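# Close look at the chain arrangement
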Amino acid sequence: MTAPIRISVTGAAGNIGYALLFRLAAGDCYGKDQPIILQLLEIPPGMKALEGVVMELLDSAFPLLHGVEISDDPNKAFSGINQAFLVGSRPRTKDMNRADLISANGPIFTGQGRALNDNAADDLRVLVVGNPCNTNALIAAHSAPGIPKNRFHAMTRLDENRAKAQLAKKLGSLPGEVSNLGIWGNHSDTMYPDFAHAKVRGQAVTEQVGRDWLEGDFLKTVATRGKAIIEARGQSSAASAAAAAIDHMSTLWHGSASPSDAATFTSMGVWSDGQYGVPKGLIFSFPVTSGKGDYQIVEGLEHDDFARAKIAATTQELVNERETVKDLLA
Ligand code: NAX
């Protein structure tokens, strides 16, 4: 049988953790023939709840789950891991603006970056979900000088999935029939879902629906979807966020041609080397294709003035966030 891979999930007793762990253990990410060992990290107040989650994981008798370890020490939780889902972070409270959130969460990712550097396996891949995920991924990457920068990703797949769902609904198609919908920039309401290159059933979206809707209601609905879910549910999106995390890491593991991935390209927040004029060294969401374990930023996409202005705005926001945390970037 294939040797198990070690997967760490931080914030494992939280809402997203609760939705994510059971799908990982069921084989939804790495395949039905890939055993896994889960190494779960929480802060001390979360450990008791995490013990309960572990009981449920064991009670599910997942054949692929070859072990579960828990710890409140990142050095232990990251020991020998191949894959990391960095979900845990402080939620934004009503009195906090985005800059406060960045300052509150930044130090978590310096510590976790160092612990990954010192303890993880050589083939490590990291997905940062905890917000502000692009800048948290940047901090973690800087704190792990021994790990290549292209291993640190931020999750914008939920934004992509939300955008695909809206296009599918509008055009009476299925989400799986929407392709090449790239998210550009920051996982925040400045991100730009690039409808101009998107296709539904192989035909350009812009040939099937008016630009008024695309530039108006479509962008607004995608950008404010998280808020709408909190208003309706009383809690932030958790199951759809976990599904997007599975999609991201599954695409990276299996390649873009994975059966669960109808798109020719998908979106990942990754290290910029200056593509499309984005400053080098930001974690920026680009359209990517993925081979096994690696990705390539899609080159040569043309943007009109509308798209250029949107991409400039989200770039500027990430530059500002980087400035806010510059003391944490070793
Ligand atoms: P919860 O508050 O339910 O869970 C977070 C968990 O993290 C808690 O159990 C907490 O004890 C733990 N935690 C806090 N600090 C930690 C640390 N230093 N080490 C380990 N664990 C720690 O939040 P949840 O709904 O699960 O959301 C988690 C994060 O995902 C939040 O930052 C949230 O903003 C972010 N999201 C990101 C999304 C994305 O698309 N990138 C979408 C969904 C979500 O909003």
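Residues numbered from 1 in each chain as written. Predicted model: local features only at pLDDT ≥ 70, side-chain atom pairs only at ≥ 80, totals over all residues. Heavy atoms only, no water.

### Examining the site of the ligand
The environment of the ligand is formed by 22 residues, the closest being Asn 15, Ile 16, Glu 42, Ser 89 and Asn 131. Take Ile 16: an N or O atom from its main chain is 2.9 Å from an oxygen atom of the ligand. Here Asn 131 contributes a side-chain N or O atom positioned 2.8 Å from an oxygen atom of the ligand. In the shell around the ligand, the residues fall into 10 nonpolar, 11 polar and one charged. Taken domain by domain, the makeup of the shell around the ligand includes at least three residues from each of domain 1 (5-154) and domain 2 (157-322). (Near = heavy atom within 4 Å. Polar contact = N/O pair within 3.5 Å; in protein donor to acceptor, adjacent residues only side chain to side chain. Nonpolar A, V, L, I, M, F, W, Y, C, P; charged D, E, K, R; others polar. Domains from an automatic or database assignment.)

### Overview of the domain arrangement of the protein
Here the protein is described as being made up of domain 1 (5-154) and domain 2 (157-322). On a C-alpha basis, the centroid separation for the pair domain 1 and domain 2 is 23 Å. Across the boundary between the two partners, domain 1 contributes 34 residues, which contact 35 residues of domain 2. Summing the contributions of domain 1 and of domain 2, the shared interface buries around 2,700 Å²; its carbon and sulfur component is 64%. Per-residue buried area on domain 1 facing domain 2 is highest for Asn 134, Leu 138 and His 153; these three make up 21% of the total on that side. (Contact = heavy atoms within 4.5 Å. Buried area = accessible area lost by both parts, 1.4 Å probe.)

### Some words on helix H10 (residues 305-324)
Spanning 20 residues, H10 covers 29 Å between terminal C-alpha atoms, matching the ideal 28 Å at 1.5 Å per step. Within the sequence span of H10, burial applies to Ala 307, Ile 311, Thr 314, Thr 315, Glu 317, Leu 318 and Glu 321. The arc that holds the buried residues of H10, viewed along the axis, is 155°, so those residues lie on one side. Each element contacted by the buried residues of H10 is listed here: helix H4 (98-119), helix H5 (133-142), strand S8 (182-184), strand S9 (192-194) and strand S13 (283-290). Residue Asp 304 occupies the N-cap position of H10, its side-chain oxygen lying 3.3 Å from the main-chain nitrogen of Phe 306. (Helix = DSSP H or I, 4+ residues; strand = E, 2+ residues; numbered from the N terminus. Expected span 1.5 Å × (residues − 1). Buried < 20%, exposed > 50% of the residue type's maximum accessible area, 1.4 Å probe, protein only. Arc of directions from axis to C-beta.)

### Topic: the sheet that holds strand S10 (residues 199-200)
In spatial order, the strands read S7-S10-S11; together these three strands make up an open sheet with antiparallel pairing. The open sheet is flanked by strand S7 (178-179) and strand S11 (203-204), the only strands paired with a single partner. Pairing of S10 with S11 involves two bridges; the strand directions are antiparallel. In the strand pairing of S11, Val 200 is matched with Gln 203. (Pairing = 2+ DSSP bridges.)

### Details of the environment of Asn 15
Structurally, Asn 15 is set in helix H1 (residues 15-26). Here Asn 15 falls in the partly exposed class, since its relative accessible area comes to 44%. A sequence separation of 23 residues divides Asn 15 from Leu 38, and the C-alpha atoms of the two residues are 17 Å apart. With residues near it in sequence (within four places) discarded, Asn 15 still touches Gln 235 and Ala 238.

### Some thoughts on the packing of H1 against helix H9 (residues 239-254)
At a minimum axis separation of 8 Å, H1 and H9 run at an interaxial angle of 45°. Accordingly, the angle class assigned to the pair H1 and H9 is oblique. Crossing handedness for the pair H1 and H9: right-handed. Judged by residue contacts, Ile 16, Ala 19, Leu 20, Arg 23 and Leu 24 of H1 engage Ala 239, Ala 241, Ala 242, Ala 243, Ala 245 and Ile 246 from H9. (Axes fitted to C-alpha atoms, helices over the stretch in contact; angles between N-to-C directions. Parallel < 35°, antiparallel > 145°, perpendicular 65-115°, else oblique. Left-handed = near helix turned anticlockwise from the far one by under 90°.)

### Observations regarding the nonpolar core
Grouped together as the largest cluster of nonpolar side chains are 71 residues, with contacts concentrated most on Val 9, Leu 24, Leu 57 and Phe 85. Ranked by residue count, the leading element in this core is H9, at seven residues. Formed jointly, this core draws a minimum of three residues from each of two domains, domain 1 (5-154) and domain 2 (157-322). (Core = buried A, V, L, I, M, F, W, Y, C linked by side-chain atoms within 4.5 Å.)

### A look at the pattern of salt bridges
Enumeration according to the criterion identifies 13 salt bridges in this entry. In this structure, the salt-bridge partner of Glu 69 is Arg 6, at a minimum N-O distance of 3.5 Å. Separated by 63 residues along the polypeptide, Glu 69 in strand S3 (residues 65-71) and Arg 6 in strand S1 (residues 5-10) bring together distant segments of the chain. Classification of Glu 69 by relative accessible area gives partly exposed; the value is 38%. Salt bridges here are not isolated pairs; linked through shared partners, they connect Arg 23, Asp 28 and Lys 32. (Salt bridge = Lys/Arg side-chain N within 4 Å of Asp/Glu carboxyl O.)

### Regarding the packing of aromatic side chains
The relative placement of two aromatic rings is captured by the distance of their centres and the angle of their planes. As enumerated under the stated definition, the model contains 12 aromatic pairs in all. Note on Tyr 192 and Phe 195: the rings are 6.1 Å apart at their centroids and 75° apart in plane angle, and the pair reads as edge-to-face. Each member of the pair Tyr 192 and Phe 195 is classed as buried. A cation sits over an aromatic face here: Lys 149 above Trp 271, 5.8 Å from the ring centre. (Phe/Tyr/Trp six-rings, centres within 6.5 Å; stacked < 30°, edge-to-face > 60°. Lys NZ or Arg CZ within 6 Å of the ring centre and 35° of its normal.)

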